[in-house]
Amino acid sequence: MADQPSTTSIADFEKALNELESLVKDLEQGELSLEQSLGAFERGVKLTRDCQQALKSAEQRIEQLVQLEDGSLESKPFNPDESA
């Protein structure tokens, strides 16, 4: 099998985020039964984890351009903990 990234595509991420927003809205309205609320909560937890993983994967793919002392540019992986 060819190498397939284990990341969520942008469209999948947006779909998951929209579904999560819809679940939150439904839960906030308070009109779901207890069983439906538990199901929505469990689904929301899974969607949240999927979205967090997609964001983490995207962050790892981001690169930043750094200008060196001689004026040239160098590309290096983004490190959010590194101060610019």
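All of the points below concern the structure found in this document.

Some words on the overall build of the protein
In terms of regular secondary structure, the protein is built from two helices and two strands. Counting from the amino terminus, the protein carries its helices and strands in the arrangement α-α-β-β. For the protein, with 84 residues in total, the buried portion stands at 12%. Excluding contacts between residues fewer than 6 apart, the proportion of contacts in the protein whose partners are at least 24 apart in sequence is 31%. Accessible surface for the protein amounts to roughly 7200 Å². Of this, 51% is attributable to carbon and sulfur atoms.

What to know about the pattern of salt bridges
A complete count under the given rule lists two salt bridges for this structure. With a closest N to O distance of 2.8 Å, Glu19 and Arg43 form a salt bridge. Taken together, the positions of Glu19 in helix α1 (residues 10-29) and Arg43 in helix α2 (residues 34-61) put the pair 24 residues apart, joining distant regions of the chain. Taking the relative accessible area as the measure of exposure, Glu19 reaches 29% and is therefore partly exposed. For Arg43, a relative accessible area of 32% puts it in the partly exposed group. Salt-bridge contacts for Lys46 lead to Asp50; the nearest nitrogen and oxygen are separated by 2.7 Å. Residue Lys46 and its partner Asp50 are both found in helix α2; the two are separated by four residues, about one turn of the helix. On the basis of relative accessibility, which here comes to 43%, the residue Lys46 falls in the partly exposed class. By relative accessible area, Asp50 is classed as partly exposed at 30%.

A short note on the nonpolar core
The biggest cluster of nonpolar side chains holds eight residues, and these are Phe13, Ala16, Leu20, Leu23, Ala40, Leu47, Cys51 and Ala54. For this core, the secondary structure elements donating two or more residues are α1 and α2. Apart from residues no more than four positions distant in its own chain, Ala16 is found in contact with Leu47 and Cys51.

Cut-offs applied
- Just so you know, the residues in each chain are numbered from 1, in the order the chain's sequence is written.
- Given that this is a predicted model, residues contribute local features only at a pLDDT of at least 70 and side-chain atom pairs are listed and counted only at 80 or more, while totals for whole chains, interfaces and linings are drawn from all residues.
- Processing note: side-chain calculations cover all non-hydrogen atoms of the structure and skip hydrogens and water entirely.
- The helix and strand labels rest on DSSP assignments: H or I over at least four residues marks a helix, E over at least two residues marks a strand, and numbering proceeds from the N terminus.
- Under the scheme applied here, a residue whose accessible area is under 20% of the maximum for its type counts as buried, over 50% as exposed, and between as partly exposed, the area being computed with a 1.4 Å probe on protein chains only.
- Contacts: residue pairs with any heavy atoms within 4.5 Å of one another.
- Under the convention used here, a 1.4 Å probe and the Shrake-Rupley method define accessible areas, while residue burial counts only the protein chains that appear.
- In the sections that follow, a salt bridge refers to a side-chain nitrogen of Lys or Arg positioned within 4 Å of a carboxyl oxygen of Asp or Glu.
- By convention a nonpolar core is built from buried Ala, Val, Leu, Ile, Met, Phe, Trp, Tyr and Cys residues, the set being connected through side-chain atoms within 4.5 Å.

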